[in-house]
Amino acid sequence: MQPGRAVPIMVGPSTGKGEMASESTDIESTQAADLLLPEHGAGPLLQRDYWAVIKDCQHSPSTLMDWVARRFAEFAPSELCVFKHEDASREGEPLQLGDELSVKIQGAGTFGVRVIHKDAQSLTLATLPGHPEAGRITFGAYRNEHGDVIFHIRSRARSGSTFHYVGFVTAGEAMQTNTWTEFVLRAAVTAGEGVVGVIHADTTELEEEPDGADPEHDPTFIAKGD
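Student: Just give me the short version of the sheet that holds strand β3 (residues 100-105), but keep the residues and values in it.
Tutor: In spatial order, the strands read β2-β3-β4-β5-β6-β7-β1-β8; together these eight strands make up an open sheet with antiparallel pairing. Since the sheet does not close on itself, it has two edges, and those belong to β2 (81-85) and β8 (195-206), each with one partner. Within the sheet, the average angular offset between the axes of one strand and its neighbour, ignoring direction, is 20°. In terms of strand pairing, strand β1 (residues 42-54) meets β8 through nine bridges, oriented antiparallel. Note on β8: the bridge partner recorded for Ile54 is Val195. Those strands touched by helix α2 (residues 61-70) are β1, β4 (109-119), β5 (122-127), β6 (133-143) and β7 (149-159), and its axis lies near 140° from that of β6.

Student: How would you summarise the pattern of salt bridges if you had to cite specific residues and measurements?
Tutor: Here the structure, examined in full by the defined rule, presents 11 salt bridges. Between Asp99 and Arg90 there is a salt bridge, with the nearest N and O atoms lying 2.7 Å from each other. Residue class for Asp99 comes out buried when judged on its relative accessible area of 11%. The class of Arg90 is buried, set by a relative accessible area of 17%. Among the salt bridges present, the one from Glu182 reaches Arg186, with a minimum N-O distance of 2.9 Å. Of this pair, Glu182 and Arg186 both sit in helix α4 (residues 162-191), separated by four residues, roughly a single helical turn. Taking the relative accessible area as the measure of exposure, Arg186 reaches 25% and is therefore partly exposed. Overlapping salt bridges, with partners in common, bring together Asp34, Glu100 and Arg114 in one network.

Student: Kindly report on α2, identifying the contributing residues and their values.
Tutor: Residues spaced three or four apart along an α-helix point in a common direction, a consequence of the helix completing one turn every 3.6 residues. Taken as a whole, α2 has its buried residues at Pro61, Ser62, Leu64, Met65, Val68 and Ala69. Seen along its axis, α2 keeps its buried residues to an arc of 155°; they face one direction.

Student: Explain the pairing of β7 to me, and be specific about the residues and the numbers.
Tutor: By the criterion of burial, β7 is predominantly enclosed, with 10 of the 11 residues buried. Across nine bridges, β1 lies against β7 in antiparallel orientation. Looking across to β7, one finds that Val53 is bridged to Ile150. Taken together, the 11 bridges between β6 and β7 define a ladder with antiparallel strand orientation. By the bridge assignment for β7, Glu133 is matched with Ser159. Turn length for the β6-β7 hairpin, with the two strands adjacent in sequence and antiparallel, is five residues, and the turn residue Gly147 shows positive phi of about 90°.

What counts and what doesn't
Residues numbered from 1 in each chain as written. Predicted model: local features only at pLDDT ≥ 70, side-chain atom pairs only at ≥ 80, totals over all residues. Heavy atoms only, no water. Pairing = 2+ DSSP bridges. Helix = DSSP H or I, 4+ residues; strand = E, 2+ residues; numbered from the N terminus. Axes fitted to C-alpha atoms, helices over the stretch in contact; angles between N-to-C directions. Contact = heavy atoms within 4.5 Å. Salt bridge = Lys/Arg side-chain N within 4 Å of Asp/Glu carboxyl O. Buried < 20%, exposed > 50% of the residue type's maximum accessible area, 1.4 Å probe, protein only. Arc of directions from axis to C-beta.

Function cannot be read off these values alone, since they describe shape.
Written as structure tokens, this is what we have:
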């Protein structure tokens, strides 16, 4: 349960209400063709949330997300995972819709992810075939009802295969938690004076995707309140 000063403004997609704009439906359809979707995975569908209120944040959520898009690899702890543009000519440029990254995960190998959604306050990556997880993860920043800036990561995925499910149960969960809580901390230090209180990490088992959610194109939550 989130404390009173850090309640996210929203959960779930709302593309039907016109709150989010697609850059190109045709491009998105092509890009979605070879994603590793949750339906292709094994084990339960898990929603994992990592978030914190940023202490003394003097920047807008959209400014923070611009930094994340431009310096994504720097926010991830290199001792656990290393992200690189598949297109070397775009290394160092802000992530855009359709960009693909390789991610070398400590002890697991190198895999691929693709940017399937981006707006001013969020960025969503989906996994490609071979990845240990089948699903997507959204990085977003927004303000709560008190005006505090929150940085939030939410993944929604199954294990990529039965083999990966067994491996994740034995070792992968702790590594994932360490990776994304460190990412949250680095974002908080970049935009402010660290975090208020603690970095929250919660896992929820879902029966299925929320009504209306499109795992090929939608973020796992909508970041609003700049």
